[in-house]
Amino acid sequence: MKELKDYREEIERCVRCGTCRSVCPTLDTVRRESHCARGRLTMIEAYLNGEELGERYLKYIKECTLCGACYTSCPNEINTPEIILSARAEYVKKKGMPAFTSFTLKSLLEPAPLTKLALKVAAKLKSLFFKSTPFESGLVSRFSLPVVGEGRLVPEPADPFFLDRAHIRRLATREDYGRMKVGFFVGCGVNYLLPSIGEHTIRVLEKAGINVAVPQGQVCCGIPALSMGDSETAKRVMMKNIEVFEQYGFDRIVTSCATCGHTLKDIFKVVLSDEQGMKERVEAFTSKIMDITEFLVDELDYRGEKTDKRAGVVTYHDPCHLRRFQGISEQPRKLLEESPYEFRGMKNPCRCCGLGGGVSFTNYELSMKIAGRKAENIKKSGADVVATACPGCIVQLKDALYHHDVKARVVHVVELL
Ligand code: SF4
Ligand code: SF4
């Protein structure tokens, strides 16, 4: 992975034009120069020039949602999110990571049998720590909990986890793959929190003639670790995933998570391409990755059953990692046209939901303020259902709608097909 100093030339391309200010969700909420790409790049440049910036510097680089709005609007194509990831990795290398964060990350991303047992015990004791909600399915923390915080709506943990389900274990290999040999990359959001997305992904693919395999041994995509600055853990889990999937010789590897998709397609190259002997393996792996909506529309020309659209009104939220980094925005909308719902767009559908970059954990209040704007736009759309294509966005939008008393269901696109 490139070191922060290797980005110096790119950082110096910033001409301070301020275009990024008009699109940054954190600047829009905090209203301070330190919270936009221009301010963050100025701080990083000062750091590279030898200034000791301490806690203030850490705050500015960790309160970026990595949404990429600055990158796609920048006339000089400065990839600020990638530079921020490198800055976080450098900070952790120099100063270390708090022991609790490090332990939690390693336990969740590379789960040992003991961790799984601990998660299962925690799931059984959930009523001690959480209360149920009347409208949205989920739990609200009763008091301030590590990682979760207080008052946050979280989905009930999957029980059992998606990859541990007996019928999913049986899909580790397929005798007849159908139209194409396709593997499913599950991701943590689906595995631990929203397994129904995984079930629907398999169902919709089977309907379209693809008997997808779900390899056992796959792990987290690595972005939570990298977002926290732990590039070594990220590297390890990324390598593990390549080892697991390359044994199969898949034609395509699909995922229903926009963040996993962006990580598998793009960030794997950033982190692993310089590793000895990895360049070709990384190229071969990343070239097979497709988002489920991209695969269904572009490869399979998916068609739904003809209906009279009486199920209700659906709107769509663009995940940053799908639209900005993968250029996928038409495909999910086309799929919604194939659903039994009437489609109605919302204002600013591609505005960040506030979850990304770990901001939801490092500054929950900021994250929820960003999400509040999204909740207002969803309410104004009058939709009964909000569809999106990222489990992370789903978790965040459910929480935001709960706190703003907006009674719209939040689902993944595949759940409506
Ligand atoms: S848009 Fe690009 S060049 Fe302009 S201030 Fe922002 S980062 Fe710098
Ligand atoms: S990635 Fe998003 S939050 Fe971070 S500086 Fe760019 S626009 Fe702002």
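Note that this is a predicted model, so its numbers are computed, not measured. (Residues numbered from 1 in each chain as written. Chains lettered and ligands numbered in written order. Predicted model: local features only at pLDDT ≥ 70, side-chain atom pairs only at ≥ 80, totals over all residues. Heavy atoms only, no water.)

**A short note on the overall build of the protein chain**
When helices and strands are tallied, the protein chain shows 22 helices and ten strands. Evaluated residue by residue, the protein chain yields a buried proportion of 59% over its 417 residues. Intrachain contacts of the protein chain at a sequence separation of at least 6 include 76% that bridge at least 24 residues. Here the protein chain displays about 18,000 Å² of accessible surface, and carbon together with sulfur accounts for 52% of that area. (Helix = DSSP H or I, 4+ residues; strand = E, 2+ residues; numbered from the N terminus. Buried < 20%, exposed > 50% of the residue type's maximum accessible area, 1.4 Å probe, protein only. Contact = heavy atoms within 4.5 Å. Areas by Shrake-Rupley, 256 points an atom, 1.4 Å probe, with all protein chains shown as cover.)

**Thoughts on the site of ligand 1**
The immediate surroundings of ligand 1 are formed by Cys14, Val15, Arg16, Cys17, Gly18, Thr19, Cys20, Arg38, Leu41, Cys74 and Pro75. Tallied by class, residues from the shell around ligand 1 come to seven nonpolar, two polar and two charged. (Near = heavy atom within 4 Å. Nonpolar A, V, L, I, M, F, W, Y, C, P; charged D, E, K, R; others polar.)

**Quick look at the site of ligand 2**
Residues in close proximity to ligand 2 total 13 residues, the closest being Cys24, Arg40, Cys64, Cys67 and Cys70. Going through the elements one at a time, helix 2 (25-30), helix 3 (37-48) and helix 5 (69-73) are the ones with two or more residues in the shell around ligand 2. Across the shell around ligand 2, the residue classes tally to nine nonpolar, three polar and one charged.

**Describing the pattern of salt bridges**
Inspection of every chain in the model, using the stated rule, returns 29 salt bridges. Between Arg373 and Asp28 there is a salt bridge, with its nearest N and O atoms 2.6 Å apart. Here Arg373, found in helix 21 (residues 364-381), pairs with Asp28, found in helix 2; they are 345 residues apart in sequence, far enough to count as distant. In this structure, Glu63 and Lys59 form a salt bridge, with 3.0 Å as the shortest nitrogen-oxygen distance. Taking the relative accessible area as the measure of exposure, Glu63 reaches 4% and is therefore buried. For Lys59, a relative accessible area of 32% puts it in the partly exposed group. (Salt bridge = Lys/Arg side-chain N within 4 Å of Asp/Glu carboxyl O.)

**Notes on the packing of aromatic side chains**
Enumeration according to the criterion identifies eleven aromatic pairs in this entry. Both rings, one in Phe161 and one in Tyr192, keep their centres 4.9 Å apart while their planes meet at 90 degrees; by these two values the pair is edge-to-face. Here the residue Phe161 occupies a position in the loop between strand 3 (153-154) and helix 10 (166-169), and Tyr192 occupies one in helix 11 (residues 188-193), the gap between them amounting to 31 residues. Assessed through its relative accessible area of 14%, Tyr192 is described here as buried. A network of ring pairs unites the aromatic residues Tyr177, Phe185, Phe245, Tyr248, Phe250, Phe268 and Phe285 as a single cluster. We note Lys2 situated over the ring of Tyr7; from NZ or CZ to the ring centre the distance is 4.2 Å. (Phe/Tyr/Trp six-rings, centres within 6.5 Å; stacked < 30°, edge-to-face > 60°. Lys NZ or Arg CZ within 6 Å of the ring centre and 35° of its normal.)

**Details of the nonpolar core**
Among the nonpolar cores identified, the biggest contains 112 residues, and Ile44, Tyr57, Phe162, Leu205, Val214, Phe295 and Leu296 are the most heavily contacted of them. Counting residues per element, this core draws most heavily on helix 15 (residues 258-272), which supplies eight residues. Discounting residues that sit within four places of it in the chain, Phe162 has contacts with Ile168, Phe184, Val186, Val190, Asn191, Pro195, Gly198, Glu199, Ile202 and Val214. (Core = buried A, V, L, I, M, F, W, Y, C linked by side-chain atoms within 4.5 Å.)

**What to know about the packing of helix 15 against helix 16 (residues 279-286)**
Where helix 15 meets helix 16, the axes come as close as 9 Å, and the angle between the chain directions of the two elements is 170 degrees. Overall, the two elements helix 15 and helix 16 adopt an arrangement that is roughly antiparallel. Contact with helix 15, carried on its side by Leu264, Lys265, Phe268, Lys269 and Leu272, involves Val282, Glu283, Phe285 and Thr286 of helix 16 and no other residues of that element. Across the contact of helix 15 with helix 16, the residue classes tally to five nonpolar, one polar and three charged. (Axes fitted to C-alpha atoms, helices over the stretch in contact; angles between N-to-C directions. Parallel < 35°, antiparallel > 145°, perpendicular 65-115°, else oblique.)

**Regarding the pairing of strand 10 (residues 409-412)**
Where strand 9 (residues 385-388) and strand 10 come together, four bridges link them in parallel fashion. Across the sheet, Val385 pairs through a bridge with Arg409, a residue of strand 10. Regarding topology, helix 22 (residues 391-403) serves as the crossover connection from strand 9 to the parallel strand 10, and that connection is right-handed. (Pairing = 2+ DSSP bridges. Right-handed = clockwise from strand over helix to strand, strands pointing away.)

**Focus on the environment of Pro349**
Of note, Pro349 is situated in the loop between strand 8 (342-343) and helix 20 (359-362). For Pro349 and Asn377, which are 28 residues apart along the polypeptide, the C-alpha to C-alpha distance reads 8.3 Å. Aside from chain neighbours lying at most four places away, what touches Pro349 is Tyr316, His317, Asp318, Arg333 and Lys374.

**Considerations on the sheet that holds strand 6 (residues 289-291)**
Spatial ordering of the open sheet is given by 4-5-6, a layout of three strands whose pairing is parallel. Looking at the sheet topology across the chains shown, the edges are occupied by strand 4 (182-185) and strand 6. Between one strand and the next, the sheet's axes are offset by a mean angle of 35 degrees, whatever the strand orientation. Here strand 4 runs beside strand 5 (residues 252-255); their pairing, made up of four bridges, is parallel. Paired with Phe185 across the strands is Thr255, a residue of strand 5. Set on the sheet, helix 17 (residues 292-299) makes contact with strand 4, strand 5 and strand 6; between it and strand 6 the angle comes to about 90 degrees.

**Quick notes on the pairing of strand 5**
Pairing analysis gives three bridges linking strand 5 to strand 6, with the strands arranged parallel. Bridging across to strand 6, Ile253 finds its partner in Ile289.

**Some remarks on unusual backbone geometry**
The omega angle of the peptide bond from Asp159 to Pro160 is 0 degrees, so this bond is cis rather than trans. Along the chain, Pro160 falls in the loop between strand 3 and helix 10. At Leu66, a residue that is not glycine, the phi angle is positive and equals roughly 60 degrees. Looking at the element boundaries, Leu66 is found in the loop between helix 4 (54-62) and helix 5. Phi is positive for Asp405, which is not a glycine, with a value near 55 degrees. Its location among the elements puts Asp405 in the loop between helix 22 and strand 10. The exposure class of Asp405 is exposed, given its relative accessible area of 54%.

By themselves, these figures tell us nothing about what the structure is for.
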